[in-house]
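Architecture and fold: a report
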Amino acid sequence: MQKYSFNIGIWAMAGIVVALSQFGALDLYIQSVIMFIGINIILSSSLNVVNGYMGEFSCGHAGFMCIGAYVSSVLSVMFFAQDKIFGAPILPPELAPLGFPIVILISGLVSAVAGLIVAVPSFKTRGDYLAIITIAANYMVISAIENMDVIGGPRGFMGMKRVVNAMEDVVDIPWMMIWVILGTFMSIWMIRRFVSSTYGKGIMSICQDEVAAEIMSVDTNKMKMAAFMLSSGLAGVAGALFAHVLGYVNPQSFNIMKSTECLVMVYLGGMGSLGGSILSAIFFTVMLELLRFIIPALDTGMHFLNLLPDTYHLSQVWKWVLIPLTLILLMQFRPEGIMGNKELPDLFPRLKKFYKFK
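Below: a short report on this structure. (Residues numbered from 1 in each chain as written. Predicted model: local features only at pLDDT ≥ 70, side-chain atom pairs only at ≥ 80, totals over all residues. Heavy atoms only, no water.)

Focus on the overall build of the chain
Heads up, the condition is: In this description a helix means any DSSP run of H or I spanning at least four residues, a strand means any run of E spanning at least two, and both kinds are numbered starting from the N terminus. Exposure classes here rest on a 1.4 Å probe applied to the protein chains alone. A residue is buried below 20% of its type maximum, exposed above 50%, and partly exposed in between. Note on contacts: a residue pair is in contact if any heavy atoms of the two residues lie within 4.5 Å. Note on areas: Shrake-Rupley with a 1.4 Å probe; residue coverage comes only from the protein chains shown.
Along its length, the chain carries 14 helices and two strands. Looking at the chain as a whole, 51% of its 358 residues are labelled buried. Look at the contacts in the chain between residues 6 or more apart in sequence, and 77% of them connect residues 24 or more apart. Taken as a whole, the chain presents about 17,600 Å² of accessible surface, with 70% of it coming from carbon and sulfur.

Okay, here's the thing in structure tokens:
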């Protein structure tokens, strides 16, 4: 019964979004904010599988996002769009709405394999050593793509908008909004099912005491592989959606700063809390957008009050001062994050009949 209710909820949400968009209730800016919220929810909740539930310290999540972004971009353009590099599309562009989910799935699988490659040398490492391995993997992915001229190298890759336009030519609806909503709900569902499964209990035991878990016959290597592959695969899905929302990807869009954003969202929401990851992703994305307007207003006001010299202006760089400052204050007064390791039903017991997590 819960399964059918979940599926009905997803399609109802997608239908409401389509209706609001078609009647002009959601302009393009609001749609883009909603899509970035969904992408950030996938990123934060997927990283929480490794950093929160398993207790490891992965710092290169953007590298897997980069792999998913480029794999999906190349495949979608190759299959459904005319391109000066790849030539005519392999399949008719009219099939883009049917083929796009398959492209997203393939990008997630490729990213999951990349996560497996990173997981293997991490079996004997923890803490700082794992952080070094994942940061190195992040830079390796970026450097490799920057040296591939066939997909644009450091200039980036584009053409995904033509694929989105092909979908809209079939049916004029906000396709990317629908795919992001579906991807977000399915990612949350997968993580919730994984964490409440035997594998989930295994990775939680690794978080508590890996040696004790091995003594209790937990196959820690197998659990780590499963967690890394799920986490990196969902990051690849987020990257694929991100690339098609923007219509352009550049290797430097997935550098260490992007990985830092993922870490901020995880620790802001609370390690080991799926609900916390969702709330922190919403808060983080909305805060970024608000600062886009608040910083120029502060600049104007402070110059009006002669609090700043005429030659100095507050720029958007200041948001990377204010956001870490928010995280520092949170760590001082609530180090466990917004939700700690609790879920929404723990705070609102009436939700348990709709949201059975444990």
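Topic: the side chain of asparagine 40
The following threshold applies: Contacts described as polar in this section are N or O atom pairs within 3.5 Å, which, within protein, must combine one atom able to donate a hydrogen with one able to accept it, while residues neighboring in sequence count only if both atoms come from side chains.
Here asparagine 40 shows up in helix α2 (residues 28–53). A polar side-chain atom of asparagine 40 sits 2.7 Å from a polar atom in the side chain of threonine 285. Asparagine 40 has contacts with Met265, Ala281, Phe284 and Thr285, leaving out every residue within four places of it along the chain.

Here's the deal with helix α10 (residues 220–246)
Rule in force here: How far a helix is expected to stretch is found by multiplying one less than its residue total by 1.5 Å.
Spanning 27 residues, α10 covers 39 Å between terminal C-alpha atoms, matching the ideal 39 Å at 1.5 Å per step. α10 sits mainly inside the fold: 21 of its 27 residues count as buried.

Section: the environment of serine 231
Here serine 231 is to be found in helix α10. Note on serine 231: relative accessible area 3%, which makes it buried. In this structure the C-alpha to C-alpha distance between serine 231 and serine 187, which are 44 residues apart in sequence, comes to 10.0 Å. Residues in contact with serine 231, not counting those within four places in the same chain, are Ser46, Leu47, Val50 and His61.

What to know about the packing of aromatic side chains
Under the convention used in this document: Here a pair means two rings of Phe, Tyr or Trp (six-membered ring of Trp) with centres within 6.5 Å. Their orientation is stacked below 30 degrees between planes, edge-to-face above 60, and tilted elsewhere.
Throughout the structure, instances matching the rule amount to seven aromatic pairs. Counting every residue linked through ring pairs, the aromatic cluster contains Phe36, Phe242 and Phe254.

Describing the pattern of salt bridges
Think of it this way: side chains of opposite charge can pair up when their charged atoms draw near. Stated formally: Every case where a carboxyl oxygen of Asp or Glu lies within 4 Å of a side-chain nitrogen of Lys or Arg is listed as a salt bridge.
Across all of its chains, the model carries five salt bridges by this definition. Between glutamate 289 and arginine 292 there is a salt bridge, with its nearest N and O atoms 3.1 Å apart. Of this pair, glutamate 289 and arginine 292 both sit in helix α12 (residues 274–304), separated by three residues, roughly a single helical turn. Exposure remark for glutamate 289: the relative accessible area of 12% places this residue in the buried category. Arginine 334 serves as the salt-bridge partner of glutamate 336, at 3.1 Å between the closest nitrogen and oxygen. According to the relative accessible area criterion, glutamate 336 is partly exposed, its value standing at 37%.

Comments concerning the packing of helix α6 (residues 160–170) against helix α7 (residues 175–195)
What counts here: Interaxial angle, 0 to 180 degrees, is taken between N-to-C directions of lines fitted to C-alpha atoms, where a helix line uses only the stretch in contact. Throughout this description, any angle smaller than 35 degrees is read as roughly parallel, any larger than 145 degrees as roughly antiparallel, any in the 65 to 115 degree range as roughly perpendicular, and the remainder as oblique. Charged residues are taken to be Asp, Glu, Lys and Arg, nonpolar residues to be Ala, Val, Leu, Ile, Met, Phe, Trp, Tyr, Cys and Pro, and polar residues to be all remaining types, Gly included.
The N-to-C vectors of α6 and α7 enclose an angle of 100 degrees; their axes lie 9 Å apart at closest approach. Relative to α7, α6 is oriented roughly perpendicular. Within the contact between the two elements, α6 uses Val164, Met167 and Glu168 and α7 uses Trp175, Met176 and Trp179. Residue classes in the contact of α6 with α7 are distributed as five nonpolar, no polar and one charged.

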